[in-house]
Amino acid sequence: MKNSTFLKAVAISALLATPVAAQVAEPASEAAPAAAAAPAEAQVETAVAVDPTSVVGNVLATPELSTLAQAVKAAELVDDLSQPGPFTVFAPNNDAFARLGAGTVQQLMQPNAKAQLSGLVNYFVVPGKLTQADVVAAIEAGGGKAEVKTVQGSTLTATLDAGIVKLTDSQGNATYITKPDVQASNGVVHVVNGIVVPAQG
């Protein structure tokens, strides 16, 4: 993954026009039902042979992550996320994408938005394998919060909200882990219910 292709936050901020409060749901015991995926014409198929036990294999095979799966394909990151890693993926569910402004997902899936989409997807990925217990331990060791640096280069701040891990970006967008510790051969996937955005700069 090359930093030169990463999203500039000013560009994504224009696309993510929906107010922050509308982009994230409060934590729930189960993830909400899957929202409608992007139109068929926006989907990008991949010829890469994917290990179904890898982090990307898990994403591609999980119905509630079908929009993220399309984004990973459109950004041509399937091969990157198939590497040995390990990786920690904070995977937004379909409802998280559905809460973005009307047409935002479809716009991000277009070929001319590939760099923006790549940066957004890479912001959901952290180098190394961090289980939920690892994140909680880091929060406690940090006096109530911990910063994790993403593959995209910006950081996420992890805190606990009523015992649930909450991730917040520099602009105040937040997301909660709703399904932790989906183990993979090259890391771990945590399903989350909101979209976070890379820092400006």
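Summary of the structure given here. (Residues numbered from 1 in each chain as written. Predicted model: local features only at pLDDT ≥ 70, side-chain atom pairs only at ≥ 80, totals over all residues. Heavy atoms only, no water.)

1. Some thoughts on the environment of Glu64
Note on placement: Glu64 falls in the loop between helix 3 (55-61) and helix 4 (66-74). Residue Glu64 is classed as buried on the basis of its relative accessible area of 11%. Within the structure, Glu64 has its side chain in polar contact with the side chain of Lys179 (distance 2.8 Å). (Helix = DSSP H or I, 4+ residues; strand = E, 2+ residues; numbered from the N terminus. Buried < 20%, exposed > 50% of the residue type's maximum accessible area, 1.4 Å probe, protein only. Polar contact = N/O pair within 3.5 Å; in protein donor to acceptor, adjacent residues only side chain to side chain.)

2. Looking at the pattern of salt bridges
Tallying each qualifying case throughout the model produces two salt bridges. The partner of Lys179 in a salt bridge is Glu64, and the shortest N-O contact between them spans 2.8 Å. Of this pair, Lys179 sits in strand 6 (residues 174-184) while Glu64 sits in the loop between helix 3 and helix 4; the two residues are 115 residues apart in sequence, bridging distant segments of the chain. The class of Lys179 is partly exposed, set by a relative accessible area of 34%. One salt bridge connects Lys114 with Glu76, and the closest N-O pair in it is separated by 2.7 Å. One end of the pair, Lys114, is in helix 7 (residues 114-122); the other, Glu76, is in the loop between helix 4 and strand 1 (87-92), with 38 residues separating them in the sequence. (Salt bridge = Lys/Arg side-chain N within 4 Å of Asp/Glu carboxyl O.)

3. Details of the packing of helix 4 against helix 7
A pair of packed helices is captured by two measures, namely the crossing angle of their axes and the spacing between those axes. Axis separation between helix 4 and helix 7 bottoms out at 9 Å; the angle between their running directions is 125 degrees. Taken together, the axes of helix 4 and helix 7 are oblique relative to one another. Both helix 4 and helix 7 take part in a crossing whose hand is left-handed. Along the contact surface, helix 4 presents Ala71, Val72 and Ala74, while helix 7 presents Lys114, Leu117 and Val121. Here the contact of helix 4 with helix 7 is composed, by residue class, of five nonpolar, no polar and one charged. (Axes fitted to C-alpha atoms, helices over the stretch in contact; angles between N-to-C directions. Parallel < 35°, antiparallel > 145°, perpendicular 65-115°, else oblique. Left-handed = near helix turned anticlockwise from the far one by under 90°. Contact = heavy atoms within 4.5 Å. Nonpolar A, V, L, I, M, F, W, Y, C, P; charged D, E, K, R; others polar.)

4. Looking at the nonpolar core
Among the nonpolar cores identified, the biggest contains 47 residues, and Val72 and Leu117 are the most heavily contacted of them. Among the elements that make up this core, the one with the highest residue count is helix 4 (five residues). Setting aside its immediate chain neighbours within four residues, Val72 contacts Val56, Leu77, Val78, Leu81 and Val121. (Core = buried A, V, L, I, M, F, W, Y, C linked by side-chain atoms within 4.5 Å.)

5. Section: unusual backbone geometry
Here the residue pair Gly85 and Pro86 is connected by a cis peptide bond, since its omega of 5 degrees sits within 30 degrees of zero. Within the fold, Pro86 resides in the loop between helix 4 and strand 1. The phi angle at Ala162 is positive, at roughly 55 degrees, despite the residue not being glycine. Along the chain, Ala162 falls in the loop between strand 4 (155-161) and strand 5 (164-168). Backbone geometry at Asp181 places phi at a positive 60 degrees, although glycine is not the residue there. Tracing the chain through its elements places Asp181 in strand 6. Note on Asp181: relative accessible area 30%, which makes it partly exposed.

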